[in-house]
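# Summary of the model geometry
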Amino acid sequence: MTDPDYLDRLVDIDSLGSYLSEAFGAATEFAVERHAAGHSNETLFVTWGDRELVIRRPPPGETADTAHDVLREHRVVDALGGTAVPVPKTLRACDDPSVIGSDFYIMERADGDVLRDAESERFASPAARERIGTELVDTLAAIHAVDYESVGLGEFGRPAEYTARQVDRWTAQLEWAFETTAAVREVPELVAVGEWLADNVPDDHPEALVHGDFKLDNVMYGPGTPPEVVAVFDWELSTLGDPLADLGWLLLFWYDEGDPEPAMPDLMSTFTAREGYPTRDELVDRYEAATGRRFAHERFYRALAAYKMAGLGEMFLARHRNDDSDDPLYPKMETQVPTLAERTLAYVEGETDRL
């Protein structure tokens, strides 16, 4: 349950009510609830009369530069509204911090299931499980197939040399977090992984719209069967760049039979090892068939994904130590980030093929 004091830091209820009244008309029912499942930008569920809304805003307090740009997130979700990529309908964006204390945007609330900690009972069959995986990969392929110029995203990023900049960016994010977290422990393995990545960046890469955080629990499967992706969420890291980085990220969170226990068990579920779910190799095969694009340099992209996740974890820990979150996950990063870093270093050094 969210601490009421923390909710007060996220939203000025009276001010938001005035804003919603002006935007959508008066309502007799008004309620705000923090969605506790997310761990980066904050998500608020809002009931306004008979409308079910979602507000996205950054976390409170100091954050790493560019890490929580919700208006940028709004821009891409809004642009994709008429494409083959399923996204919620956007309603408003606000850059006036006097309303709730930060930038924010509003979208309609989608209906369905997000498979985060467990599978839905209606999907507990081999056929449904296979469809979950194929729908997921086909949705990623649809994102990467978007003609970003035609939807107004031609200036959304600089796709050339994206991958090298990702290594630099996440190294900088880690350095920001280390300024706080070094007081409790250091993670030299993570520094070594960053150096390996910098030395092994692919010479060139394909270019596409990338999601930046594409994984099973950032999509929603609609009501009914068979499973169908009806919405893709959490676009805060989206840009124009290297689509293979998205695929590497997806694979980090997809558990195969025989894998070690996840380094971050609150974020990395294991139910995809059950009968029917595609393996990571099968996901890659389907992606390559759907896009005509080969997953070259797999070790680099999977290591980059783990490095980014460790960077996010270290930022979570920094926010916890700065009292800028009440998320119970964040203090766990003190031990879980080093575990992931050790495993990733062993992976890049060829000591293991599993993260």
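First, a word on scope: everything that follows refers to the structure included in this document. (Residues numbered from 1 in each chain as written. Predicted model: local features only at pLDDT ≥ 70, side-chain atom pairs only at ≥ 80, totals over all residues. Heavy atoms only, no water.)

### Details of the pattern of salt bridges
For clarity, the threshold we go by: By convention in these notes, a salt bridge is any Lys or Arg side-chain nitrogen within 4 Å of a carboxyl oxygen on Asp or Glu. Helix numbers and strand numbers start at the N terminus; a helix is a DSSP run of H or I with at least 4 residues, a strand a run of E with at least 2.
Counted according to the given criterion, the structure contains 19 salt bridges. Notably, a salt bridge pairs Asp234 with Arg56, separated by 3.3 Å at the nearest N-O pair. Here Arg56 lies in strand 3 (residues 51-57) and Asp234 lies in the loop between strand 8 (229-232) and strand 9 (239-241), a separation of 178 residues in the sequence. Connected through salt bridges with shared partners, the residues Arg56, Glu73, Asp234 and Glu236 form a single ionic network.

### Side note on the packing of aromatic side chains
Put simply, the rule is: Pairing of aromatic rings covers Phe, Tyr and Trp, the last counted by its six-membered ring, and requires centre-to-centre distances within 6.5 Å; plane angles under 30 degrees mean stacked, over 60 mean edge-to-face, and any other angle means tilted. Buried residues are those whose accessible area, probed at 1.4 Å on protein chains only, stays under 20% of the maximum for their type, while exposed residues exceed 50% and partly exposed ones sit between those limits.
Under the definition given, this model contains 10 aromatic pairs. For the ring pair Phe300 and Tyr301, a centre distance of 5.3 Å and an interplane angle of 85° mean the geometry is edge-to-face. Of the two residues, Phe300 and Tyr301, neither departs from the other in class, the shared state being buried. Here the aromatic cluster, defined as three or more aromatic residues joined through ring pairs, consists of Trp196, Phe295, Phe300 and Tyr301.

### Things to note about the nonpolar core
As a reminder of what qualifies: We define the nonpolar core as a collection of buried residues of types Ala, Val, Leu, Ile, Met, Phe, Trp, Tyr and Cys that are connected through side-chain atoms lying within 4.5 Å of one another. Contact definition: two residues touch when any of their heavy atoms are within 4.5 Å.
Residues Leu209, Tyr221, Trp235, Leu252 and Met309 are the most contacted members of the largest nonpolar core, which totals 87 residues. Those residues in contact with Met309 that lie beyond four places of it in its chain are Trp249, Leu252, Phe253, Met264, Leu267, Met268, Phe316 and Leu340. Leu7, Cys94, Val99 and Phe104 belong to the second-largest nonpolar core, a separate cluster that totals 20 residues.

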